[in-house]
Amino acid sequence: MTWASWTTVGIHALPGAVRTEEIGVINGDLTIHTTWSENLAHVAVQHTGSSDWYTMVGSPVPCPSEEASRSFHQAVVEAVRGGERADASLEELFDPQGAAAAAEKPGGSNRDA
């Protein structure tokens, strides 16, 4: 079995940028961990320094390769940092067509005013 993982520490998440299956919305100083195996990318998040990990809503995401999962991890990190894709689902972050569609939306967001 082939697998790979990436961890990014010290990400400041804006309020509402990260939703978890277990506790709902989480923000503040976070660590994001992505594990790729069996063509799935699993994304977990924790408050930096905590021992508790939470599954991000939408995880796992189908992912065909280790290289693709590394790019996906970086897209998740950038979204959590509050970039223009902060409201994107995990699948939208992975899907190039989803990225193009989000970029076409005014202000890069589909949030209601």
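See the structure printed just above.
On a predicted model such as this, the values are computed, not experimentally measured, just so you know. (Residues numbered from 1 in each chain as written. Predicted model: local features only at pLDDT ≥ 70, side-chain atom pairs only at ≥ 80, totals over all residues. Heavy atoms only, no water.)

For the protein, the count of helices and strands is three helices and five strands. Ordered by position in the sequence, the α and β elements of the protein form the string β-β-β-β-β-α-α-α. Looking at the protein as a whole, 37% of its 113 residues qualify as buried. Look at the contacts in the protein between residues 6 or more apart in sequence, and 49% of them connect residues 24 or more apart. Of the roughly 6300 Å² of accessible surface on the protein, 50% is carried by carbon and sulfur atoms. (Helix = DSSP H or I, 4+ residues; strand = E, 2+ residues; numbered from the N terminus. Buried < 20%, exposed > 50% of the residue type's maximum accessible area, 1.4 Å probe, protein only. Contact = heavy atoms within 4.5 Å. Areas by Shrake-Rupley, 256 points an atom, 1.4 Å probe, with all protein chains shown as cover.)

Before going further, it helps to examine the pattern of salt bridges. Using the criterion set out here, one finds one salt bridge in the structure. Across the pair Arg 81 and Glu 78 runs a salt bridge, and its minimum N-O distance is 2.9 Å. The class of Arg 81 is partly exposed, set by a relative accessible area of 41%. Glu 78 sits in the partly exposed class, given a relative accessible area of 38%. (Salt bridge = Lys/Arg side-chain N within 4 Å of Asp/Glu carboxyl O.)

Right, let's get into the environment of Glu 22. Residue position: Glu 22 is located in the loop between β1 (3-20) and β2 (24-37). Glu 22 sits in the partly exposed class, given a relative accessible area of 45%. Between the C-alpha atom of Glu 22 and that of Val 57, which follows or precedes it by 35 residues, the distance is 8.9 Å. Beyond its immediate sequence surroundings of up to four residues, Glu 22 is in contact with Tyr 54 and Thr 55. A distance of 2.8 Å separates a polar atom in the side chain of Glu 22 from the backbone nitrogen of Thr 55. (Polar contact = N/O pair within 3.5 Å; in protein donor to acceptor, adjacent residues only side chain to side chain.)

A separate point is the environment of His 42. Within the fold, His 42 resides in strand β3 (residues 40-47). Residue classification places His 42 among the partly exposed residues on the basis of a relative accessible area of 35%. Through-space distance from the C-alpha of His 42 to that of Val 61 is 6.7 Å; in sequence the pair is 19 residues apart. His 42 has contacts with His 33, Thr 34, Thr 35, Ser 59 and Pro 60, leaving out every residue within four places of it along the chain.

Attention shifts here to unusual backbone geometry. Of note, the amide linkage connecting Ser 59 to Pro 60 takes the cis form, showing an omega dihedral of 0°. Note that Pro 60 resides in the loop between β4 (54-55) and β5 (61-62). A positive phi angle is found at Glu 38, which is not glycine, with a value near 50°. In this structure, Glu 38 sits in the loop between β2 and β3. Here Glu 38 falls in the exposed class, since its relative accessible area comes to 60%.

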